[in-house]
Amino acid sequence: MNPIPSNLVIDNGDGDEPMSNTSANRHFADVLNVHLSRRNALKGTLGASIAALFGGAGLAGCATTAGTPAAGRSLIGFKAVPVSSADTVVVPPGYKVQTLVPWGTPLTGHLPAFDPLRNSGADQGHQVGSHHDGMHFFPIEGKDPYNGSSTEGLLVINHEYVEPRYMHASAVGQKLGRDAVPALVNGKRPADECLKELHAHGVSVIHIRQEANGQWGVVQSRLNRRITGLTPMDISGPVRGTDFVKTKYSPDGTRTRGTLNNCAHGVTPWNTYMMAEENWAGYFINRVNASGRTREQSRYGVRHNESRPATSRYGWELADSGADEYTRFNVTAQGASPTQDYRNEANGFGWMVEFDPFNPNSTPVKRTALGRFAHEGVIFQPAVEGQPVVCYSGDDAANEYIYKFVSKGVYRQAAGVANGALLDEGTLYVAKFNDDGTGQWLPLVFGQGPLTPFRFNSQADVLVNTRLAADTVGATKMDRPEWGAIDPQTGQVYFTLTNNSGRTTTDKANPREKNRWGHIIRWTEAGNNPTATTFKWDIFLLSGPENDSLFAGKPLNADQIHNSPDGLWFDKDGRLWIQTDISESSMNQGDYAQFGNNQMLCADPRTHELRRFLVGPLGQEITGVVTTPDGKTMFVNVQHPGATTSADDFAAGKLTGTWPHQGRYGRSATLVITKEDGGVIGT
Ligand code: FEO
Ligand code: CA
Ligand code: CA
C-alpha cells in the first residue's frame with residue numbers, strides 16, 4: 001500500500017469528474033462534423049453549412065422554432081454590459097443588486113455568527129453552506145413551484161463543494177491551492193475540520209421575505225433547514241434493498257448518509273426539490289490498485305491506491321476520531337462481509353435526491369430509477385394530468401451522456417408530494433444523436449437489447465452502472481453536459497455542453513473539434529410528445545470569441561462573447577438565461593482574458609437576440625438563477641469568489657478577490673436583482 005506522508009498537503013486539483021469513458025462510442029463532435037460536412041456538400045461552404053444549422057430553413061434536423069427569425073416583440077430591453085475583470089458585480093443601468101445569504105449566514109439552532117476561523121464543525125451545521133449553486137424560489141404558499149407570493153418564500157440553495165483553506169484557522173500561512181486541505185498532522189485530519197466541511201456541503205432551505213423598503217431578508221422560521229453530507233437519507237427505486245447498497249450503516253440497503261457535490265438542481269411539478277450528486281466519485285478512495293476497484297467504482301473514477309495522493313478529495317477518511325461517519329469514505333473491503341465495512345458506500349452516491357422543502361422533518365430520498373452518474377441536475381417537462389412524468393439529466397464529465405426518464409405511472413395533481421413515487425418506476429433512456437439531425441432515446445432496461453444477463457444481472461445492476469449500460473447500447477459521447485432548460489412555449493429542450501478539456505489543444509481553427517468554448521444543443525421530441533423515443537436536434541449557439549463563434553448565423557459581437565456555458569434557465573416569458581463557468585485555471589488568462597470574469601447572458605430564441613446581462617466578481621462562476629413568480633425579483637448565485645488566489649499568494653495573505661468584501665475571504669452568496677422601475681427582469 002502506498003504510504004501517506006504524515007504531513008501531506010492533500011490537493012486534488014479542481015475536483016472535476018475524471019474522463020473515464022473508454023468505450024468505443026462515437027463522440028458528439030464526430031457526429032457534428034459529419035452533420036456539418038453533409039451540409040457542406042449541399043451548401044458549398046462551411047460557413048453556410050453552420051448557418052444552416054441555425055436558420056432551420058427546411059433542413060432535416062433544424063425543423064424547429066428557430067426558423068422564424070425576428071418574429072414577435074422583443075423580450076429583452078436592457079442595455080448590454082461590457083465584459084469585466086473587476087472584483088464587483090456589474091448589471092445594466094436601471095438595475096439594483098443586493099447580496100443575500102452569504103456562506104456562514106446563521107440559519108438554525110443557536111444561530112452562530114459567522115467567523116470562518118473560529119466557527120466549529122457544529123456551528124457550520126447551523127449556518128448557510130458554502131459554494132452556492134443550483135437554486136429555486138418556492139412561493140410561501142407551498143402549493144406550486146412557479147405560482148404564489150413574489151415577496152415571501154423558501155429559497156433552496158445547493159452547496160456544491162468547499163474551499164478548505166478559507167474554512168480553518170490551521171490553514172493560515174500554509175501554501176494551499178483552491179482544493180487543498182491544511183497539512184495532515186501525524187497522517188490525520190482533525191475530525192472537527194472534516195465535520196465542518198461535511199456540514200458546508202448539501203442544501204440550505206432559507207425562509208426569505210421582501211420588506212417594505214424593498215430589501216430581502218432571512219425570516220427566523222421553523223422552515224429553515226440544513227441538509228448536509230451527514231443527513232440520513234432513504235434509498236428508493238430498483239436499487240433499494242439490493243446488495244449494491246448494503247453497508248455497516250444500513251445492512252438492509254435502504255439508507256445512507258448525506259448528499260455531496262450538489263451542483264444544479266431540479267424542481268418537480270409537485271413542489272419538491274431535487275439535489276443532483278455531480279462530482280461525487282473523488283470523495284471516496286478504495287486503497288487497492290486501479291484494477292482492483294469494482295466496475296461501480298472504476299467507470300466513475302473513484303480514487304485508488306495509485307492516485308496521487310492516495311486519499312479521497314478532502315481526506316475525510318483520515319479523521320483523527322476514527323468515527324465511521326468519516327472513515328466510510330474509505331471504501332476498501334476490510335471486514336468479513338459488506339455489512340461490516342463501507343465497501344459499498346460509494347454506491348449510495350451519484351443519484352438524484354428528492355425532498356419536500358415545506359416539511360422540515362422530511363427525509364431526503366435517493367431516486368435510483370433516474371440512474372447513477374455525475375448528475376448535473378434534472379429538468380422536468382410540464383406535468384400533464386393523467387400523463388407520465390418526463391425529465392432529463394446530463395452527466396457532466398468529458399465524453400459522457402444525456403439521459404431522459406419517463407415514469408411508468410401517471411401524474412395526478414391531487415396526489416401532491418406523493419407523486420414522488422412516480423420517480424421510482426419507469427424507463428431510463430440515453431440519447432443517441434444521429435448525423436442527419438435526428439436522434440433516438442435508447443432504453444436502459446435489463447433484458448432489452450444488449451443489456452443481457454451476460455453483462456448485467458438486474459435492473460439495479462443497470463442503474464448502479466448506468467454509464468456502462470449507456471456505453472453498451474451505443475449512446476453518443478458529449479462534451480460535458482451541464483444544465484438543461486425547457487422552452488415554456490414550445491417544449492423544446494436545451495442543454496449546455498460546457499467544453500471538453502480532454503480535447504483542448506492550441507488549434508483554434510475548429511472550435512467544435514477542440515471545443516474550448518462550449519455550445520448549446522437543443523431538440524424537439526417527435527410529435528412534440530415528451531414520451532417519444534425519437535427527436536430532431538440542432539445547435540442553438542456556438543460559444544466563443546468574435547472570430548470563433550456563431551449565433552443565428554452570425555459571429556458573436558462584443559455584447560455577446562462568452563465561453564463555457566453551464567447554468568441555463570427559461571423564465572416564464574421565454575427568455576433564456578445562460579451562465580458561464582470558465583475554469584479557475586483559465587479565467588482571465590491568455591485567450592480566455594477577453595471574456596473577463598464569469599457572466600450571465602439573456603437570449604430570446606424567437607427574435608435571435610443575445611445580450612450580456614451580468615458579470616460577476618473575480619475568481620467565481622455564476623450559477624443558479626430563478627425569479628419570483630412575477631418576474632420582478634431575480635436570484636443569481638456567485639460561487640467561489642477569490643478561488644483564483646494561488647497557493648503562494650494564499651500563504652502570503654495576498655488574496656485575489658474577496659467579494660462580497662464582508663470579512664477576510666471571499667464568500668459565495670446570492671444576488672438579489674431588481675429593476676429600479678419595479679419592472680420584470682430582462683425588459
Ligand atoms: Fe458542477 Fe457541472 O458543474
Ligand atoms: Ca455547473
Ligand atoms: Ca461547469
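Just above sits the structure.
Keep in mind that what you see is a predicted model, and the values were worked out from it rather than measured. (Residues numbered from 1 in each chain as written. Chains lettered and ligands numbered in written order. Predicted model: local features only at pLDDT ≥ 70, side-chain atom pairs only at ≥ 80, totals over all residues. Heavy atoms only, no water.)

Looking at this structure, how should I read the overall build of the protein?
Looking only at helices and strands, the protein features 10 helices and 33 strands. Relative to the 2.2 N^0.38 estimate, which gives 26 Å for 683 residues, the radius of gyration of the protein is 24 Å and therefore close to what a compact globule would have. Along the first, second and third principal axes, the C-alpha set of the protein runs to 65 × 65 × 55 Å. Put simply, the protein shows about 22200 Å² of open surface, and 50% of that area lies on carbon and sulfur atoms. (Helix = DSSP H or I, 4+ residues; strand = E, 2+ residues; numbered from the N terminus. Rg over C-alpha atoms; globule rule 2.2 N^0.38 Å. Areas by Shrake-Rupley, 256 points an atom, 1.4 Å probe, with all protein chains shown as cover.)

What am I meant to see in the coordination of the calcium ion (ligand 2) here?
Geometrically, a metal with four donors at the corners of a regular tetrahedron has ideal angles of 109.5 degrees, and one with six donors at the corners of a regular octahedron has ideal angles of 90 or 180 degrees. For the calcium ion (ligand 2), the full set of protein donor atoms is Cys263 (SG), Glu376 (OE), Glu482 (OE), Asp566 (OD) and Asp566 (OD), and the range of their distances to it is 2.3 to 3.2 Å. In primary-sequence terms, the residues that donate to the calcium ion (ligand 2) follow C-x112-E-x105-E-x83-D. In this structure the calcium ion (ligand 3) is found 3.8 Å away from the calcium ion (ligand 2), and Glu482 serves as a bridging donor for the pair. Here the residue Glu482 occupies a position in strand β22 (residues 481-486), and Asp566 occupies one in strand β27 (residues 565-570), the gap between them amounting to 84 residues. (Donors = N, O, S within 2.8 Å, 3.2 Å for Na, K, Ca; no water.)

Would you take a moment to explain the sheet that holds strand β10 (residues 273-277) for this structure?
Consider a sheet: its strands pair through backbone hydrogen bonds, and that pairing is either parallel or antiparallel. The six strands lie next to each other as β8-β7-β14-β13-β10-β9, forming an open sheet whose pairing is mixed. Bordering the open sheet on either side are β8 (255-257) and β9 (262-267), each of which pairs with just one other strand. On average, each strand axis in the sheet is tilted by 35° relative to the strand beside it, whichever way the strands run. Pairing analysis gives three bridges linking strand β7 (residues 232-236) to strand β14 (residues 365-367), with the strands arranged parallel. Directly across from Ser236, in β14, lies its bridge partner Arg367. (Pairing = 2+ DSSP bridges. Axes fitted to C-alpha atoms, helices over the stretch in contact; angles between N-to-C directions.)

Please explain the coordination of the calcium ion (ligand 3) as it appears in this structure.
Looking at the calcium ion (ligand 3), the protein donor atoms are Glu482 (OE), Asp566 (OD) and Asp581 (OD), and they sit 2.3 to 2.5 Å from it. Positions of the donor residues of the calcium ion (ligand 3), expressed as sequence spacing, correspond to E-x83-D-x14-D. A relative accessible area of 2% places Asp566 in the buried class. (Buried < 20%, exposed > 50% of the residue type's maximum accessible area, 1.4 Å probe, protein only.)

Can you help me understand helix α4 (residues 191-200) in this one?
Each α-helix turn comprises 3.6 residues. Residues three or four places apart therefore point the same way. Burial of α4 is extensive: nine of the 10 residues sit out of reach of the surface. Among the residues of α4, Ala191, Glu193, Cys194, Leu195, Lys196, Glu197, Leu198, His199 and Ala200 are the ones counted as buried. Packed against the buried residues of α4 are α3 (121-124), β3 (152-159), β4 (202-210), β6 (225-227) and α6 (324-327). In the segment just after α4, Gly202 is the residue with positive phi, at about 105°. (Contact = heavy atoms within 4.5 Å.)

What should I look at first to understand the pattern of salt bridges in this one?
Under the definition given, this model contains 35 salt bridges. Residues Arg299 and Glu400 are paired through a salt bridge, measuring 2.8 Å at the closest nitrogen-oxygen approach. Of this pair, Arg299 sits in the loop between α5 (295-298) and β12 (303-304) while Glu400 sits in strand β17 (residues 398-400), and the two are 101 residues apart along the sequence. In terms of burial, Arg299 and Glu400 fall into one category: buried. In this structure, Lys654 engages Asp649 in a salt bridge whose closest nitrogen and oxygen atoms are separated by 3.6 Å. Note on Asp649: relative accessible area 23%, which makes it partly exposed. Where salt bridges share partners, they join Arg299, Asp395, Glu400, Arg467 and Asp471 into one cluster. (Salt bridge = Lys/Arg side-chain N within 4 Å of Asp/Glu carboxyl O.)

It is not clear to me how the nonpolar core should be interpreted in this structure. Could you clarify?
Within soluble globular proteins, side chains that are nonpolar generally end up buried alongside one another. In terms of nonpolar packing, the biggest core is built from 66 residues, with Phe284, Val430 and Leu444 touching the most fellow members. Among the elements of the structure, α4, β10, β16 (388-394), β18 (402-410), β19 (426-433), α7 (459-464) and α8 (466-473) are those that each provide at least two residues to this core. Look past the residues within four positions of Leu444 in its chain and what remains in contact with it is Tyr403, Leu428, Tyr429, Val430, Leu451, Gln459, Val462, Thr466, Ala469, Ala470 and Val473. In terms of nonpolar packing, the next biggest core, distinct from the first, is built from 35 residues, Trp569, Phe613, Ala669 and Val672 among them. (Core = buried A, V, L, I, M, F, W, Y, C linked by side-chain atoms within 4.5 Å.)

Please clarify how the sheet that holds β27 should be interpreted in this entry.
Judged by pairing direction, the sheet is antiparallel, and its four strands sit side by side in the order β27-β28-β29-β30 without closing on themselves. Two strands lie at the open edges of the sheet, namely β27 and β30 (609-615), each paired on one side alone. Recorded for the sheet is a direction-independent mean angle of 25° between the axes of neighbouring strands. In the sheet, strand β29 (residues 599-604) pairs with β30 via six bridges, with the strands oriented antiparallel. Its bridge partner being in β30, Asp604 is matched across the sheet by Glu609.

Even after reading the chapter, I still don't get α8, so can you show me in this structure?
Across the eight residues of α8, six count as buried, placing the element largely inside the fold. When we look at burial in α8, the residues that qualify are Thr466, Arg467, Ala469, Ala470, Asp471 and Val473. Buried-residue contacts for α8 involve β17, β18, β19, β20 (438-443) and α7. Where α8 terminates, the next one or two residues include Gly474, which has phi positive at roughly 90°.

Is there a simple way to explain the environment of Lys477 in this structure?
In this structure, Lys477 sits in the loop between α8 and β21 (478-479). Judged by relative accessible area, which is 9%, Lys477 ranks as buried. Taking the C-alpha atoms as reference points, Lys477 and Asp548, 71 residues apart in sequence, are found 23 Å from one another.

Where do I start with the packing of aromatic side chains in this structure?
The way to describe two aromatic rings as a pair is by their centre distance and the angle between their planes. For the coordinates displayed, the defined rule picks out 38 aromatic pairs. When the ring of Phe78 is compared with that of Phe613, the centres are 5.0 Å apart and the planes differ by 80°; the resulting orientation is edge-to-face. One end of the pair, Phe78, is in the loop between α2 (46-55) and β1 (95-100); the other, Phe613, is in strand β30, with 535 residues separating them in the sequence. Overall, the relative accessible area of 3% leaves Phe78 in the buried class. A ring pair is formed by Tyr392 and Trp441, whose centres lie 5.9 Å apart and whose planes are at 45°; its orientation type is tilted. Here Tyr392, found in strand β16, pairs with Trp441, found in strand β20; they are 49 residues apart in sequence, far enough to count as distant. The residues Tyr392 and Trp441 share a single accessibility class, namely buried. (Phe/Tyr/Trp six-rings, centres within 6.5 Å; stacked < 30°, edge-to-face > 60°.)

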